[in-house]
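Notes for the structure review
So the chains spell out like this:
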2 protein chains.
Amino acid sequence: MTDIATRVHNRSWKIDPIVRSVIDTDFYKLLMAQSIFRHHPQTRVTFSVINRSDDVPLARLIDEGELREQLDHIRTLRLSRGESTWLRGNTFYGRRWMFDPDFLDWFEGFRFPEYHLERRGDQYELTFEGRWIETTMWEVPALAVLMELRSRAVLRGMGKFELQVLYARAMTRVWEKIERLRRLPNVAVADFGTRRRHGFLWQDWCVQAMMEGLGERFTGTSNCLIALRREVEAVGTNAHELPMVYAALAESDAALAEAPYQVLADWQQDYMGNLRIVLPDTYGTRGFLERAPDWIANWTGVRIDSGDPVENGEFVIDWWKRRGQDPSTKLMIFSDGLDVELIETLYRRFSDRSLLGFGWGTLLTNDFRGLIGDGRLDPFSLVCKVVSANGRETVKLSDNPNKAMGSPDAVARYKRVFGVGDQVAHRLVV
Amino acid sequence: MTDIATRVHNRSWKIDPIVRSVIDTDFYKLLMAQSIFRHHPQTRVTFSVINRSDDVPLARLIDEGELREQLDHIRTLRLSRGESTWLRGNTFYGRRWMFDPDFLDWFEGFRFPEYHLERRGDQYELTFEGRWIETTMWEVPALAVLMELRSRAVLRGMGKFELQVLYARAMTRVWEKIERLRRLPNVAVADFGTRRRHGFLWQDWCVQAMMEGLGERFTGTSNCLIALRREVEAVGTNAHELPMVYAALAESDAALAEAPYQVLADWQQDYMGNLRIVLPDTYGTRGFLERAPDWIANWTGVRIDSGDPVENGEFVIDWWKRRGQDPSTKLMIFSDGLDVELIETLYRRFSDRSLLGFGWGTLLTNDFRGLIGDGRLDPFSLVCKVVSANGRETVKLSDNPNKAMGSPDAVARYKRVFGVGDQVAHRLVV
């Protein structure tokens, strides 16, 4: 039978929205938002979308009017009653009442703030200026909108069956990856792919395929809306924006050197257990860990998000040992440019020495490489980063100079303060 | 939105029927039925299902109760008003009023006659006894039911996403075949895959994929219901059952030798143009054509359904020339065990010398080879053949002894009468 109501309803939409919920975002944005809400409610920042892949001419692929429609639609969204109930009543990382009533009251009233959009040559300049607690919420939906509008632009004009076969091939590819992962007895893999997904429905499919194919070895999704709907764990902890803003706000070199540890001190007040995961690479993993106070070695784990993952993993294990910790009780989370081969390599290398988690992102939810000619559907490296805080430029060094951000002078100052020397560049796949 | 009505409706079905329409059958059954209706309305025959692949233990795979439910459901079907309208009003092979009002009045009242089902070891004995005009209608639905129940038995217990990926792989395979066929500029391919299809929905998908992928090079489907719903040509002409029954009814060796030509004489009264396709292999292609009267060389074309297709194709072209015909105006239809490789080979060999048509069956609508372990979804060779007429045994020789039927004595007599000597056996894929 034809579902007439759905058809009529579909026709009445002005647009086909990409983001349809305030919580179609990564869980760590909510954890960070609550932390910002408590510690930095008045800080003002600017976020900016940066396309690291300048061979992808977004402004030629995506119509500005369509992009504005999508962003404007996001500005009409509010937390729904059911979503609020879920945030208030669900257990996250085994705990109830992860979010304070104060924070949730604020979140219920939240609306996405204004955006600034301008075309610059073949790229868009898309920025968000205002209170940190509000602008931070734009990161993930802004990226998801640009990624999906690009997918739609490439797929436009394809036949219905040609499209179905395209998805058939992509499904087969994801499933073959899952079948390979299933051979790793204790692997723990989560979906981290919201921001660079091919599309919402595709991410939702990938999550369900992981649920069926990996069972207990699938540990959850970073996407709150999908976690709610599919009744799986919402996962994630924190990101570089915290140390970047804390560092930008520092009034002296001494305060700057201390800023990344202050992030963890604040975080430790807010969250415990498996949410205490150190993200050490913002200003160089090695220096950060070497100078870290001992209480940081007590944390549950470390997330390795840039540099050579094997080298950094070895370094972290060695660091734990030197700090009197037992690495076999500690958690290493890998989340940089993962695909099956790399997960297998890291699993073989570390699984008998440490607990492992894999945050699998772009190459889970957007691996259409080679399925359309000329790589027109290949994933690309799009980020949305905080670029200033209370009027001061932010800086990121990373363990990979290709992920660094900041003006040359500021980068030089940060390198000096954090004692970062020469770095090895790693090609960015995504 | 959830389509509640569909869900409730689905729950109210006793079974999930495989055949839901009297015209979910091959078009040539209707053409033959009309011919039988005119020339042999009182002839009584027995049809029998024969599983040539005895390594597929149908009675162990398929529950007898389920099989009976499906067959009983078919016995409740009647031609619907819309189906009757289509048969009365549609053009077939470019002509209106292909079917007489008398025949259609009969068809509107038609119900499938009784069946006889018995388990014999790991196989079922399934036979249909009664008036030819009625029992003949069982052939295609009986095969489709057995094929689809076997598919369902193999797929039972698979996960939802595992299933989706299975179909994704099968879709990719079909599409890659279509992409290869698209490279043959003037190819003309039709779906002949109803009887051994993986399932109804799958055949329907394959037809639609051919429509999109091949455009004008897709010449139609043998399945009337799909032709009606997808608004494509219904195609097909006649089958071995006509000469087999005519031969069985012959009262002498002389009449037997004449019987296959009598089939064509009757057919010529009933149909013209592209429906005049000789099926010469029932008792050996070469002898049949050599002894054929000249008016048969005037027919539009020849269907090559057994033996070596290249050799038989060459023979037919040579025969046309010897009979003063221009092969480039004649049509050769290949329909035996086709897959893309063979279509390409035959196309390259014959397309500049003759008009060509390809009736692509099992390896279009049921190519799941290797997609499930142990070949448990591989197609197999199931047929439903007329085994007696007015109490007399039928015989088929074919150009391939693996397709022959009949008791040794009867086969010996037919070989003598039709002058058939040694034959080369060809492996039956399907």
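Treat the numbers as computed from the prediction; the structure is a model and nothing was measured.

Analysis parameters
Residues numbered from 1 in each chain as written. Chains lettered and ligands numbered in written order. Predicted model: local features only at pLDDT ≥ 70, side-chain atom pairs only at ≥ 80, totals over all residues. Heavy atoms only, no water. 1 Å grid on protein atoms, 1.4 Å probe; cavity = no way out; pocket = protein on both sides within 12 Å on 5 of 7 lines; lining within 4 Å. Points joined across faces, edges and corners; volume = space filled by probe spheres on them. Helix = DSSP H or I, 4+ residues; strand = E, 2+ residues; numbered from the N terminus. Nonpolar A, V, L, I, M, F, W, Y, C, P; charged D, E, K, R; others polar. Expected span 1.5 Å × (residues − 1). Buried < 20%, exposed > 50% of the residue type's maximum accessible area, 1.4 Å probe, protein only. Contact = heavy atoms within 4.5 Å. Polar contact = N/O pair within 3.5 Å; in protein donor to acceptor, adjacent residues only side chain to side chain. UniProt positions renumbered as here; feature names shortened; annotations may be inferred. Salt bridge = Lys/Arg side-chain N within 4 Å of Asp/Glu carboxyl O.

What about empty space enclosed by the protein?
Residue and element names in this part refer to chain A. One pass over the full model with this rule turns up three cavities of 30 Å³ or more. Taken as a whole, the largest cavity holds about 120 Å³ of empty space. In terms of lining, the largest cavity is formed by Asn238, Ala239, Pro243, Pro260, Val263, Leu264, Leu279, Pro280, Thr282, Tyr283, Gly284 and Phe288. Per-element tally for the lining of the largest cavity: the top contributor is helix H13 (residues 253–270), with three residues. Looking at the lining of the largest cavity residue by residue, the classes come out as nine nonpolar, three polar and no charged.

Thoughts on unusual backbone geometry
Although it is not a glycine, Tyr93(A) sits at a positive phi angle of roughly 50°. One can find Tyr93(A) in the loop between helix H5 (81–89) and helix H6 (101–109). One non-glycine residue, Asp374(B), lies in positive phi territory at about 60°. Checked against the element boundaries, Asp374(B) lands in the loop between helix H18 (362–365) and strand E10 (382–389).

A closer look at helix H16 (residues 309–322) of chain B
Residues and elements named next belong to chain B. With 14 residues, H16 should reach 20 Å at 1.5 Å per residue; the first-to-last C-alpha distance of 20 Å fits that figure. Inspection of H16 places Val310, Asn312, Gly313, Phe315, Val316, Ile317, Trp319 and Trp320 among the buried residues, and these make up the whole buried set. The inward-facing, buried residues of H16 contact helix H14 (285–291), helix H15 (294–297), strand E7 (301–304), strand E8 (331–334) and helix H17 (340–350). Its side-chain oxygen at 2.9 Å from the backbone nitrogen of Val310, Asp308 defines the N-terminal cap of H16. Positioned one or two residues after H16, Gly324 has a phi angle of 75°, which is positive.

Some remarks on the UniProt feature "domain: Nicotinate/nicotinamide phosphoribosyltransferase" (unreviewed entry) in chain A
Mapped onto this numbering, the UniProt entry gives "domain: Nicotinate/nicotinamide phosphoribosyltransferase" (unreviewed entry) at residues 188–421 of chain A. In the segment residues 188–421 of chain A, helix accounts for 42% and strand for 14%; the C-alpha atoms at its two ends are 34 Å apart.

Overview of the pattern of salt bridges
All told, the structure shown has 80 salt bridges over all chains when counted by the stated rule. In this structure, Glu179(B) engages Arg182(B) in a salt bridge whose closest nitrogen and oxygen atoms are separated by 3.9 Å. Judged by relative accessible area, which is 33%, Arg182(B) ranks as partly exposed. A salt bridge links Arg416(B) to Asp253(B); the nearest nitrogen and oxygen atoms lie 3.0 Å apart. Here Asp253(B) lies in helix H13 (residues 253–270) and Arg416(B) lies in helix H19 (residues 408–418), a separation of 163 residues in the sequence. One network of salt bridges, in which partners are shared, links Asp26(A), Lys29(A), Glu139(A), Arg195(A) and Glu241(A).

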